Amino acid sequence: MLLETPKFEELKTPAVQSIHCPNCGSFAKRHRLASERTQTECPTCDYFMLTCSRTGSVLEAYAPGLWVR
Ligand SMILES: [Zn+2]
């Protein structure tokens, strides 16, 4: 048998990951929320994105650098 996938833990543990902001490249945080939603937020540029991790669709997004231009 290959590696077991930690499915159970992933579902019940609200995880926070450090990622690079897709908008400005600074460090941002990715939170895994309930209902299979993932929230990405960047304190540097106010980038915000809420996606559904099951379908991959964007539920809500806000990126100041993109809209202000
Ligand atoms: Zn940013």
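Below or above, wherever it landed, is the structure these notes cover. Fair warning: this is a prediction, and the values are worked out from it, not measured in the lab. (Residues numbered from 1 in each chain as written. Predicted model: local features only at pLDDT ≥ 70, side-chain atom pairs only at ≥ 80, totals over all residues. Heavy atoms only, no water.)

A closer look at the coordination of the zinc ion
- In the first shell of the zinc ion, the protein supplies Cys21 (SG), Cys24 (SG), Cys42 (SG) and Cys45 (SG), at 2.2 to 2.4 Å from the metal.
- Classification of the site at the zinc ion as tetrahedral follows from its 4 donor atoms and the range of 106 to 112 degrees in their angles at the metal. (Donors = N, O, S within 2.8 Å, 3.2 Å for Na, K, Ca; no water. Tetrahedral: all angles 85-135°; square planar, octahedral: opposite > 155°, others 65-115°.)

Regarding the sheet that holds strand E3 (residues 37-41)
- Read across the sheet, 5 strands follow the order E1-E2-E3-E4-E5 without closing on themselves; strand pairing throughout is antiparallel. Across the chains shown, the open sheet's two edge strands, defined by having one partner strand only, are strand E1 (16-20) and strand E5 (58-62). Looking at each pair of strands side by side, their axes are set apart by 20 degrees on average, direction ignored.
- Pairing between strand E4 (residues 48-52) and E5: 4 bridges, direction antiparallel. When the sheet's bridge partners are listed, Phe48 is paired in E5 with Tyr62. (Pairing = 2+ DSSP bridges. Helix = DSSP H or I, 4+ residues; strand = E, 2+ residues; numbered from the N terminus. Axes fitted to C-alpha atoms, helices over the stretch in contact; angles between N-to-C directions.)

Without other data, these values stay purely geometric and don't point to any function.
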